[in-house]
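Below are the chains, spelled out letter by letter.
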Amino acid sequence: MAVERDIFGISGPTYLNPVNWNCEDNRRSVAACLVQAVYILERDRQLERQSVEALAPPWWEFFHFEMIRRLVDDADLSIFGAIFEFNPPSSIEASTQNAPRFVLAIRGTITEKETISRDLSLDLHLVQNGLHRTSRFTIAMQAVQNIASVFPGSTIWLAGHSLGAGMAILTGRNMVKKGALLESFLFNPPFVAAPIERIKDERVKHGFRIARSVITAGLTIAMKAKTEGNNQRSVAEESFNILSSWTPYLFVNPGDHICSEYIGYFQHRKNMEDLGAGFIEKLATQNSIGDLFYKALGWESEPLHLLPSADLIVNVSPSPDFKYAHGISQWWQPELNLQCNKYRYA
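Once a new chain begins, its residue numbering starts again from 1 and follows that chain's sequence as written. Reporting of local features is limited, given that this is a predicted model, to residues whose pLDDT is at least 70; pairs of side-chain atoms are given and counted only at 80 or more, and all residues count toward the totals for whole chains, interfaces and linings. In computing side-chain values, all of the structure's heavy atoms are included and hydrogens and water are not.

## Digging into the packing of aromatic side chains
Now for step 1: The pairing test for Phe, Tyr and Trp rings, Trp by its six-membered ring, is centres within 6.5 Å, and the orientation test on the planes gives stacked under 30 degrees, edge-to-face over 60, and tilted for anything in between. Overall, the coordinates contain 21 aromatic pairs when judged by the stated rule.
Now for step 2: Where Trp 60 meets Phe 84, the ring centres are 5.3 Å apart and the plane angle is 40 degrees; that geometry is what we call tilted. Of this pair, Trp 60 sits in helix H2 (residues 58-61) while Phe 84 sits in strand S2 (residues 79-86), and the two are 24 residues apart along the sequence.
Now for step 3: Only protein chains enter the accessibility calculation, which uses a 1.4 Å probe; a residue whose area is less than 20% of its type maximum is buried, one above 50% is exposed, and one in between is partly exposed. Given the relative accessible area of 6%, Trp 60 is considered buried. Strands here mean DSSP runs of E at least two residues long; helices mean DSSP runs of H or I at least four residues long; both are numbered from the N terminus.

## Quick notes on the nonpolar core
In a soluble, globular protein the nonpolar side chains are often hidden away together inside.
Now for step 1: For our purposes a nonpolar core is just a set of buried Ala, Val, Leu, Ile, Met, Phe, Trp, Tyr and Cys residues, chained together by side-chain atoms within 4.5 Å. Membership of the largest hydrophobic core comes to 46 residues, with the highest contact counts inside it found for Leu 250, Tyr 262, Phe 266 and Leu 312.
Now for step 2: Considering each element in turn, this core owes the most residues, 8 residues, to helix H5 (residues 163-177).
Now for step 3: Listed in part, the 39 residues of the second largest apolar core include Val 30, Ala 31, Phe 62 and Phe 65.

## Concerning the pairing of S2
Now for step 1: Of all 8 residues in S2, 8 are buried, a share of seventy percent or more.
Now for step 2: Here, a strand pair is defined by DSSP locating no fewer than two bridges between the strands. Note: strand S1 (residues 65-72) against S2, 7 bridges, orientation antiparallel. Paired with Arg 70 across the two strands is Ala 82, which belongs to S2.
Now for step 3: With 5 bridges joining them, S2 and strand S3 (residues 102-106) adopt antiparallel strand pairing. From the neighbouring strand, Gly 81 faces S3, where its bridge partner is Ile 106.

## Remarks on the packing of helix H4 (residues 135-150) against H5
Now for step 1: Fitting a line to C-alpha atoms yields each axis, with helices limited to the stretch in contact; the angle taken between N-to-C directions then spans 0 to 180 degrees. Look at H4 against H5: their axes get within 10 Å of each other, and the N-to-C directions meet at 50 degrees. Relative to H5, the element H4 is oriented oblique. Between H4 and H5 lies a crossing of right-handed hand. Taken together, the residues of H5 that come into contact with H4 (itself represented by Arg 136, Phe 137, Ala 140, Met 141, Val 144, Gln 145 and Ala 148) are Leu 163, Met 167, Leu 170, Thr 171, Asn 174 and Met 175.
Now for step 2: Classifying every residue of the contact of H4 with H5 gives 9 nonpolar, 3 polar and 1 charged. We call two directions roughly parallel when the angle between them is under 35 degrees, roughly antiparallel when it is over 145, roughly perpendicular when it lies between 65 and 115, and oblique otherwise. When the near helix sits turned anticlockwise from the far one by under a right angle, the crossing is termed left-handed; a clockwise turn instead gives a right-handed crossing. Residues are treated as being in contact if the distance between any of their heavy atoms lies within 4.5 Å. Think of it as three bins: nonpolar holds Ala, Val, Leu, Ile, Met, Phe, Trp, Tyr, Cys and Pro, charged holds Asp, Glu, Lys and Arg, and polar takes everything else, Gly as well.

Coordinates in, geometry out; function isn't part of it.
Structure follows, in structure tokens:
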């Protein structure tokens, strides 16, 4: 859960005045703040903070956004997302050329009694690669499609944290299939797999990854031969190739086991190519053992963590504990020690 803080307090990103929309750090910070706004919107609702008592509005008003819609879960009536429209004053319009017109921001899990049951059930859907079957995803997807159809050609950002990042990935993937590439800011996105990245010994870690790749590739070949024939490209391969043009920003912290596996996921792909085993890794990258298991049982499955391309941004600044490493507040801090790598699928 995000921490509620006054944006104008000591921990708030007041250095973003004005925002430099050409600066990647500024863009990241604004996206993180809008996600934080959604966390606080829901807490305002739970605590019945209204009008001047509401704490959420400064988190978008500071950057000249207006909230034009709340996204409400139909199961528990909680606010899980919001759509913000950028409406800068005429005095700064000249410096906002690369700003988004709209931002869809989606929060993660809130461990309060009003939301914990529904949020944890969605976490379970995510682990089971079934988030696409939930009504919350349907609501988010319809909201983005409506904006894209009513305002064609407008720049739309997706931003999400934790469970919300999973929702944003799923939304972004589906928009790619509809021909729209949305700039996406994914903070601490969940990676559903064994946490191999936590193994300290590099040789052991590399050995585990090679073994998993060989097993996954072998199962993929076996299932492809059984269901589709050797000469046909699999549905997974076609989908992966379509997605390769979308390059979301993945913001991960090595101290957060929920998302840190993305570090090894992309690096291992490069290592396997260097070893001359690129074919094996291509098959492994497009599938997961869990996904193959679900499909063998006849279950519809869509693993979110299998991404062809991404800009991976790793916060290697010291994290005092897991709560901070997984939290949203780290991503609007100035002067972070970040390692950035661009991965493109070919």
